[in-house]
Amino acid sequence: MTTPEETVRARESVQEAHRPRRGAPPALAGLLKLLGLAVVLLWCLFPFIWMAMTSLRTGSVALTDPNILRGPFSLDNYDQVFDLGFQFALRNSLIVAAVTTLICIPVAALAGYALARLPLRGRFLLLAATLVATLFPPVALVNPLYQMYLELNALTGINLLNSYAGLVIPYVALTLPLSIFILATFFAGIPREIEESAKVDGATPFQAFWRVVAPLAAPGVGAAAILTFVYATNEFLLAFSFAPRDLNVQTVPVFIGTFERVGYENPIGQIMAASVLVSVPLIVFALVLQRRIVAGLTSGAVKG
Amino acid sequence: MATATRDTGTPERGRGAHIRHGLGERAMGRIFLTPSFAFMAVIALFPVFYAVLMSLYRIRGFTREFVGIDNYLQALSDPGFYNAALNTLVFTVASVSLEFVIGLGFALIMHQAFVGRGLTRAVILVPWVIPTAVAAQVWRYMFDHNPGFVNAVLGADINWLRDPAWSMAGIIAADVWKTAPFVALLLLAGLQTIPRDYYEAAKVDGAGVLQRFWSITLPLLRPAIVVALLFRTVDALRMFDFAYVFAGYSNSLATLSVYAQRFLVAEPQLGYANALSTVTFVIVMLVGLAFISRMGRHMVGETAREVKR
């Protein structure tokens, strides 16, 4: 789902360079367009702004006054979520997402390349099956896997509940189809002549893939890796079912999504502080990588 | 299909003028595919069959008793199941149609604007990248009576989290907030593939704004629309995070995913849980396949065609 949009972005930035400047639009139309953009910006940002302001408000006023600009403000909520061990949830999410990505992407790249380039029987069916597999509902995995984990534990003593592996294994399975699909589309877009000439120069098919095509696919690999990483940081259902409480494995969505009230105290401030702590790096991540993806694709588009 | 124009399948070794060493392409293809497909078969496909098998048992701890289709019959006479199915249907229809309309609006706005387009395109990723469970908590507290942010904005006095209908409206709003921008990105990509000349030509022929939208934009945007609707519909049908974070296992918001998961740990009845997740699986896949059979050939064909080239 990323790929068509990215190729368009690349194409469009080329177009933009060549497009002759049009005369200034009438003032009213211009104003309306700016207003439209302002609506989009406000839509995307206001819950985040609310979250950030609420995380800074302390004392009873935070619970009774809807005006987010009214203080007192402090960093107390942040201190409190660290006291509750939020740093461990951040670490767990990072480890689970990184390991998932590191396993998923190389495996998916091989399959994507095979589906895009190598002679295979039933290629169309395999691609269609991959596409269908992207629809897989995680809830269909939760119940049987939970039971399989229990039985594995009874049989071998290996306990996958409350472990990183217990999360990474299904995450890889759930992210593989989309990654394969993105990478296959990407490999298919790389000119075949590049490989052919490498083969004429005496490269084996594997060398042609590994030395010549794989480096060219870096932007596509990046796009698939980002989506996989974001999926794994976002996933709640499996993490909540397989690792609900243990701070050694509990991920951020579970920490925040199941944050419990302690006594009668309303934890709004702590929840928002934790939300800010995980959202800011993710937002920065998305913004930085967005540019990188566009740049990579633009250069590819110019070359191709 | 691609093989017709490519290799005939004979081993590469020793064929033709240049001798290649190492793997032939055909063997390499099989070897490259194996890890992915083996992994998915063991970790995704096998559990589905395992769930079907387990759904035929009544399970307590490590003792199980074969009961045939009793668990499915139990679902058919369980008001909780119908309630979950209805909640899922309401949520899916409402959120997907709102996301489509708002997403299309955003895409048109972003497509029209030149100033500030880069900024908007960056910022539109913000709702997408914030984890759903986190967004759910933020929205839950924005709706909460104390401090009552949403009520203050609307000048209303609604008990969003207690009233079932209003809390459904709440999770729909939260989901629309999070994914309308994603729909906008998909549709924007579609808009940018429409050649500008078409609009210019229509303008010359005297077509108005609305007419251009109906007869150029919408038809040519169709593939992008179908893809966006596919992803959104399937995602809405399997939704867990918003419903659970807003209301736990309470019937007011329980979707099929929430209801199936409830019998795993909260009230362990593993046989029934497996029956419910099997039913959910079938529903989601059937709806997904209905979409894909309409446009899958187009999506897959694109890649398959490039292979042939």
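Everything numeric in this text was worked out from a predicted model, so none of it was measured. (Residues numbered from 1 in each chain as written. Chains lettered and ligands numbered in written order. Predicted model: local features only at pLDDT ≥ 70, side-chain atom pairs only at ≥ 80, totals over all residues.)

Before going further, it helps to spend a moment on the overall build of chain A. Of the regular secondary structure elements, chain A holds 14 helices and zero strands. Scanning chain A from its N terminus toward the C terminus, one meets helices and strands in the order α-α-α-α-α-α-α-α-α-α-α-α-α-α. Taking all 304 residues of chain A together, the buried fraction comes to 46%. Of the contacts formed within chain A by residues at least 6 apart in sequence, a portion of 76% connects residues at least 24 apart. (Helix = DSSP H or I, 4+ residues; strand = E, 2+ residues; numbered from the N terminus. Buried ≥ 20, exposed ≤ 12 C-beta atoms within 10 Å, placed from the backbone. Contact = placed C-beta atoms within 7 Å.)

Our focus in this paragraph is helix H8 (residues 164-188) of chain A. For the α-helix, the turn length of 3.6 residues means that residues three or four positions removed from each other point alike. Residue and element names in this part refer to chain A. With 25 residues, H8 extends 34 Å between its outermost C-alpha atoms, agreeing within 8% with the 36 Å of an ideal straight helix rising 1.5 Å per residue. The axis of H8 is deflected most strongly, by about 40°, at leucine 176, and proline proline 177 appears within four residues downstream. The buried fraction of H8 amounts to 23 of the 25 residues, a majority that puts the element mostly inside the structure. (Expected span 1.5 Å × (residues − 1). Bend = angle between axes of the 7 residues up to and from the residue.)

Here the focus is the interface of chain A and chain B. Taken residue by residue, the interface counts 92 residues in chain A and 99 residues in chain B. For the side of chain A that touches chain B, the element with the highest residue contribution is helix H2 (residues 27-56) of chain A, accounting for 12 residues. When the residues that make up the side of chain A that touches chain B are grouped by side-chain class, the tally is 69 nonpolar, 16 polar and seven charged. (Nonpolar A, V, L, I, M, F, W, Y, C, P; charged D, E, K, R; others polar.)

Let us look at the domain arrangement of chain B. Residues and elements named next belong to chain B. In terms of domain boundaries, chain B breaks down into domain 1 (25-54) and domain 2 (79-308). Here the C-alpha centre of domain 2 lies 30 Å away from the C-alpha centre of domain 1. Every contact between the two is made by four residues of domain 1 and, on the other side, six residues of domain 2. (Domains from an automatic or database assignment.)

Time to look at the packing of helix H5 (residues 86-117) of chain A against helix H1 (residues 25-54) of chain B. Look at H5(A) against H1(B): their axes get within 8 Å of each other, and the N-to-C directions meet at 130°. It follows from the interaxial angle that H5(A) and H1(B) lie oblique. Crossing handedness for the pair H5(A) and H1(B): left-handed. Residue-level inspection shows A:Val107, A:Ala108, A:Leu110, A:Ala111, A:Tyr113 and A:Ala114 of H5(A) in contact with H1(B), the latter providing B:Gly29, B:Phe32, B:Leu33, B:Pro35, B:Ser36 and B:Phe39. Residues that form the contact of H5(A) with H1(B) fall into these classes: 10 nonpolar, two polar and no charged. (Axes fitted to C-alpha atoms, helices over the stretch in contact; angles between N-to-C directions. Parallel < 35°, antiparallel > 145°, perpendicular 65-115°, else oblique. Left-handed = near helix turned anticlockwise from the far one by under 90°.)

Residue and element names in this part refer to chain B. Residue alternation in strand S1 (residues 57-60) divides its side chains into a buried set, Tyr57 and Ile59, and an unburied set, Arg58 and Arg60. Pairing between S1 and strand S2 (residues 63-66): four bridges, direction antiparallel. Bridge pairing in S2 links isoleucine 59 to arginine 64. Linking S1 back to S2 in an antiparallel pair, the connection comprises two residues, with glycine 61 at a positive phi of about 60°. (Pairing = 2+ DSSP bridges.)

Next up on the list: helix H7 (residues 139-156) of chain A. A rise of 1.5 Å per residue sets the reference length of H7(A), with its 18 residues, at 26 Å; its end C-alpha atoms lie 26 Å apart and thus fit the reference within 8%. Of the residues making up H7(A), those classed as buried are A:Val139, A:Ala140, A:Leu141, A:Val142, A:Asn143, A:Pro144, A:Leu145, A:Tyr146 and A:Gln147.

This paragraph deals with the nonpolar core. Most often, soluble globular proteins have nonpolar side chains that are buried together. Core analysis: the biggest nonpolar cluster contains 176 residues, and A:Ala108, A:Leu183, A:Phe187, B:Ala184, B:Leu187, B:Ala243 and B:Leu276 have the highest contact counts within it. The element best represented in this core is H8(A), accounting for 17 residues. Residue-level mapping places this core at the junction of two domains, with at least three residues from each of domain 1 (25-54) and domain 2 (79-308) of chain B. Once residues lying within four places of it in the same chain are set aside, the contact partners of B:Ala243 are B:Ile171, B:Leu253, B:Ala254, B:Thr255 and B:Val258. (Core = buried A, V, L, I, M, F, W, Y, C linked by C-beta atoms within 7 Å.)

On to the packing of helix H9 (residues 192-200) of chain A against helix H10 (residues 205-216) of chain A. All names here are of chain A. The interhelical angle for the contact between H9 and H10, taken along N-to-C directions, is 130°, at an axis separation of 10 Å. As summarised for this structure, H9 and H10 are arranged oblique, according to the angle between their axes. Handedness of the crossing formed by H9 with H10: right-handed. Contacts between H9 and H10 pair Ile194, Glu195, Ala198 and Lys199 from the former with Ala208, Val212 and Val213 from the latter. Each residue belonging to the contact of H9 with H10 can be placed in one class, and the counts come to five nonpolar, no polar and two charged.

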